[in-house]
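So you can see what is in the structure, the chains are spelled out below.
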Amino acid sequence: MPSSDRKLVVITGASSGFGMASAKKFVEQGWLVLATARRESRLEELQKELGAENCYIKRLDVTNDESISDLVGFISGMQVEIDLLLNNAGLALGLSPAHQADLNDWQTMIETNVIGLAKMTRAILPMMVEQQRGHIINIGSIAGTYPYPGANVYGATKAFVEQFSLNLRADLAGTGVRVTNIEPGLAQTEFSEVRFHGDKEKAASIYEQVEPLVAEDIAESVYWCASQPKHVNINRLELMPTCQSFSPLAITS
Ligand code: NDP
Ligand code: 8X3
């Protein structure tokens, strides 16, 4: 069992992208990480790299109630307090206009980004309230604030994350538990490969000739929010690559 003087972060979606980069950042800073995701072989590789004394792993599918219960049981068995939950697991599927989008894609995004994130929060929050401290960092997106063609349900799931994060702040007043929503723009991870259902070429084309954010940029932001003194709550943090900006509103005949 881990020694209680180390801070513990539970990370969802640690098998790739922002989650994996955050796991590495937190271990580098002396934290203990509980890395979770569906792909166990990825988690095992991560654990090998970071050391079993620094990185615990547990399979987790945030869309599966039993899997969430198993995780809660695993954490209880660790007999440590949770300092931070990084609700990072999520995905975009498809970029078609709403009238052509695949309903299964919409359902998976809602089940993962909305229901999964809400259930993970509900599962972990009682422990934090009991401790009278803790921090939930949600990974939203600029897509939750700014519309763009093809973002339809994906953007809406991230708008949920934005408002849920603010509402949690309201409910948690006086408990000592902090809540932050980090809202990144274009970042090169496996995100686009997942969005385009495994089409690597199409995914790579998104990042051609531009300099997107990288996973380590987001891990830095997560760590910065988490390492503020306990009287400071970063409500939301929005970041974009310099190459990304805003377009005029479309006007069509
Ligand atoms: P990746 O595809 O690289 O990573 C996504 C992670 O989510 C993987 O570790 C995956 O693990 C996990 N995941 C997906 N579904 C589930 C599930 N049902 N249960 C548990 N874990 C799951 O993408 P990013 O790192 O880029 O994305 C991380 C978060 O950041 C997402 O919420 C995304 O929406 C958001 N985001 C991404 C941006 C970008 O441009 N890349 C910008 C803004 C926000 P596994 O498949 O092993 O379960
Ligand atoms: C992902 C950011 O700009 O690709 O959440 O939609 S963007």
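Refer to the structure printed above.
Our subject in this report is the structure included herewith.

The rules behind these values
- Residues numbered from 1 in each chain as written.
- Chains lettered and ligands numbered in written order.
- Predicted model: local features only at pLDDT ≥ 70, side-chain atom pairs only at ≥ 80, totals over all residues.
- Heavy atoms only, no water.
- Phe/Tyr/Trp six-rings, centres within 6.5 Å; stacked < 30°, edge-to-face > 60°.
- Lys NZ or Arg CZ within 6 Å of the ring centre and 35° of its normal.
- Helix = DSSP H or I, 4+ residues; strand = E, 2+ residues; numbered from the N terminus.
- Buried < 20%, exposed > 50% of the residue type's maximum accessible area, 1.4 Å probe, protein only.
- Contact = heavy atoms within 4.5 Å.
- Polar contact = N/O pair within 3.5 Å; in protein donor to acceptor, adjacent residues only side chain to side chain.
- Expected span 1.5 Å × (residues − 1).
- Arc of directions from axis to C-beta.

Taken as a whole and assessed by the stated rule, the structure comprises 5 aromatic pairs. Ring-pair connections join several aromatic residues into one group, and the members of that group are Phe26, Trp31 and Tyr223. Directly above the aromatic system of Tyr154 lies the positively charged group of Arg195, at a separation of 5.4 Å from the ring centroid.

Right, let's get into the environment of Tyr207. Here Tyr207 lies in the loop between α7 (200–206) and β8 (213–214). Residue Tyr207 is classed as buried on the basis of its relative accessible area of 7%. Taking the C-alpha atoms as reference, Tyr207 lies 9.4 Å from Ser192; in sequence the two are 15 residues apart. When sequence neighbours within four positions are dropped, the list of residues in contact with Tyr207 reads Leu186, Ala187, Gln188, Thr189, Ser192 and Pro212. Here the side chain of Tyr207 touches Ser192 through a polar contact of 2.7 Å, side chain to side chain.

A few words on helix α3 (residues 65–78). End to end, α3 covers 20 Å across 14 residues, agreeing with the expected 20 Å (1.5 Å per residue, within 8%). Taken residue by residue, α3 has Ser67, Ile68, Leu71, Ile75 and Met78 as its buried positions. An end-on view of α3 places all buried positions within 100° of arc, on one side of the element. The secondary structure elements touched by the buried residues of α3 are β1 (8–12), β2 (32–37), β3 (55–59) and α4 (103–131). A side-chain oxygen of the first residue of α3 lies 2.9 Å from the backbone nitrogen of Glu66; this N-cap is Asn64. One or two steps after α3, the chain reaches Gln79, where phi turns positive at roughly 50°.

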